[in-house]
Amino acid sequence: MRSFVPGRAGTGVPDGWGIRRAVRLAFPDPAALVGDTVHTERLRVYLTDLLRPYGLGLDPGALERGGQSYGEMAEALIQLAVPEGESVDLLVLAYSVPDITPGRATTTYLSHVCPGGPMAFAVSDQGCAGAFTALRLIRAYAGGGGLGRALLLVVEQDSLPYDPGVPVAVPAGNTGVALLFGEPAPGERVARLGPVATHALPSEAAIDAELGAFAGFGEASEPVTAILGATLPAQSSALDGVKQLTVAAAGQPGTGVWWELADELADPAAEPRRLLLADYDPGLRYLSLAAIGVGAESGAEAEVRVGGPLR
């Protein structure tokens with residue numbers, strides 16, 4: 001058995017470390033398991049037993065209509081994101097909506113199929129903040145745990161066959177994004193990961209203040225491109241200095257900003273710029289932000305004055 005913990009606060013990542021590859025995929029068809037009547041019946045029994053103590057029940061026919069398996073989605077992303085002949089030290093899966101294979105230890109399976117047999121774990125039950133939490137953990141492990149070759153998988157699927165009893169944003173489709181982190185190979189240019197934070201912010205004024213702090217991170221000369229989740233207001237004085245603004249699709253509550261990030265990083269020859277990623281969970285009232293430097297030699301790690309950490 002191996003045990004790893006993130007490095008001490010302030011431990012830096014290796015020189016040149018950052019996002020090497022970004023891949024995104026849509027999965028328009030249900031998983032093959034949806035057509036397996038034995039699996040469907042077992043899933044029906046399993047979910048019914050879990051829901052009964054809470055006075056909840058399955059939606060009639062929901063299990064036959066669709067659903068995806070994060071194991072299969074992530075496996076397809078791994079094949080595209082990890083270069084041939086390379087391996088991964090750490091794999092983190094971020095999701096909110098559960099998939100249709102509750103009997104599988106998904107990250108254990110992904111460690112088996114991912115080159116290098118990486119340490120793997122999942123971040124869930126944090127809404128859209130989950131992927132940002134995963135980013136902070138990946139950077140901490142890269143800095144102090146010696147696990148610099150890391151893969152972040154952000155996935156969501158559109159089948160929730162019951163009413164959870166609380167407001168939940170159910171995705172409109174099945175989508176996944178993979179971000180490969182590490183030191184660059186010859187000829188590569190990485191996107192440097194700057195500050196990442198999640199805060200409990202219930203007011204619009206507080207949200208604007210945090211957006212403004214991140215939009216001007218480092219006060220660098222490179223232009224800033226902002227990628228916002230669909231629940232954030234696109235019109236804000238905090239974003240007046242932003243050169244380009246992209247708002248993620250409302251039907252991708254978990255993968256939206258990461259989907260747009262993958263598109264933004266698709267052109268390796270694009271001009272140096274700073275990226276601001278921001279997403280807000282109106283139910284939990286969590287604002288999550290990340291700053292990324294593309295093609296900039298300095299300032300991507302600049303400190304940003306932000307509010308207290310999420311408790």
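Everything in this summary refers to the structure shown in the same document. All figures in this text were calculated on a predicted structure; none of them were measured in a lab.

## A closer look at the overall build of the chain
Thinking step 1. The helix and strand inventory of the chain stands at 7 helices and 10 strands.
Thinking step 2. By the burial criterion, 48% of the 311 residues in the chain qualify as buried.
Thinking step 3. In the chain, the proportion of contacts linking residues at least 24 apart, taken out of those at least 6 apart, comes to 77%.
Thinking step 4. Carbon and sulfur atoms make up 52% of the accessible area of the chain, which amounts to about 14500 Å² in all.

## Considering the pattern of salt bridges
Thinking step 1. If you walk through the whole model with that rule in mind, you get 9 salt bridges.
Thinking step 2. Where R149 meets D89, a salt bridge forms, and the shortest distance between an N and an O atom there is 2.7 Å. With R149 in the loop between α5 (130-144) and β4 (150-156) and D89 in the loop between α3 (70-81) and β2 (90-94), the pair connects residues that are 60 residues apart, well separated along the chain.
Thinking step 3. You can call R149 partly exposed: its relative accessible area is 38%.
Thinking step 4. D89 sits in the buried class, given a relative accessible area of 18%.
Thinking step 5. The residue E264 makes a salt bridge to R273 at a minimum N-O spacing of 2.7 Å. Here E264 matches R273 in class, with each residue buried.
Thinking step 6. Look at the salt bridges and you will find they share partners, linking R20, E86 and E188 into a network.

## Overview of α5
Thinking step 1. The first and last C-alpha atoms of α5 sit 21 Å apart over 15 residues, in line with the 21 Å expected at 1.5 Å per residue.
Thinking step 2. Taken residue by residue, α5 has G130, A131, F132, T133, A134, L135, I138, Y141, A142 and G143 as its buried positions.
Thinking step 3. Of the residues one or two after α5, G146 is the one with positive phi, at around 70°.

## A word on a nonpolar patch on the surface
Thinking step 1. Taken together, V166, V168 and V170 make up a surface patch of nonpolar side chains, about 230 Å² in accessible area.
Thinking step 2. Position of V168 among the secondary structure elements: in the loop between β4 and β5 (175-182).
Thinking step 3. Residue classification places V168 among the partly exposed residues on the basis of a relative accessible area of 42%.

## Considering the packing of aromatic side chains
Thinking step 1. Evaluation of the coordinates by the stated rule reveals 4 aromatic pairs.
Thinking step 2. With centroids separated by 5.3 Å and ring planes inclined at 20°, the aromatic side chains of W17 and F181 adopt a geometry described as stacked. Within this pair, whereas W17 is found in the segment before β1 (18-26), its partner F181 is found in strand β5, the two being separated by 164 residues in sequence. Taken individually, W17 and F181 each receive the classification buried, so the pair is uniform in this respect.

## Here we look at the pairing of β4
Thinking step 1. Counting buried positions over the 7 residues of β4 gives 7, a clear majority of the element.
Thinking step 2. Of the two faces of β4, the one lined by A150, L152, V154 and E156 and the one lined by L151, L153 and V155 are each fully buried.
Thinking step 3. Taken together, the 5 bridges between β2 and β4 define a ladder with parallel strand orientation. Bridge pairing in β4 places V92 opposite L152.
Thinking step 4. Sheet topology note: the β4/β5 ladder contains 7 bridges and is antiparallel.

## As for the environment of T246
Thinking step 1. Summarising the element assignment, T246 is placed in strand β8 (residues 244-247).
Thinking step 2. Between the C-alpha atom of T246 and that of L228, which follows or precedes it by 18 residues, the distance is 6.3 Å.
Thinking step 3. In contact with T246, other than residues within four places in its own chain, are A226, I227, L228 and E260.

Here is what the cut-offs are and how they apply
Residues numbered from 1 in each chain as written. Predicted model: local features only at pLDDT ≥ 70, side-chain atom pairs only at ≥ 80, totals over all residues. Heavy atoms only, no water. Helix = DSSP H or I, 4+ residues; strand = E, 2+ residues; numbered from the N terminus. Buried < 20%, exposed > 50% of the residue type's maximum accessible area, 1.4 Å probe, protein only. Contact = heavy atoms within 4.5 Å. Areas by Shrake-Rupley, 256 points an atom, 1.4 Å probe, with all protein chains shown as cover. Salt bridge = Lys/Arg side-chain N within 4 Å of Asp/Glu carboxyl O. Expected span 1.5 Å × (residues − 1). Patch = residues over 30% accessible without salt bridge, like charges linked within 9 Å, V, L, I, M, F, W, Y side chains within 5 Å. Phe/Tyr/Trp six-rings, centres within 6.5 Å; stacked < 30°, edge-to-face > 60°. Pairing = 2+ DSSP bridges.

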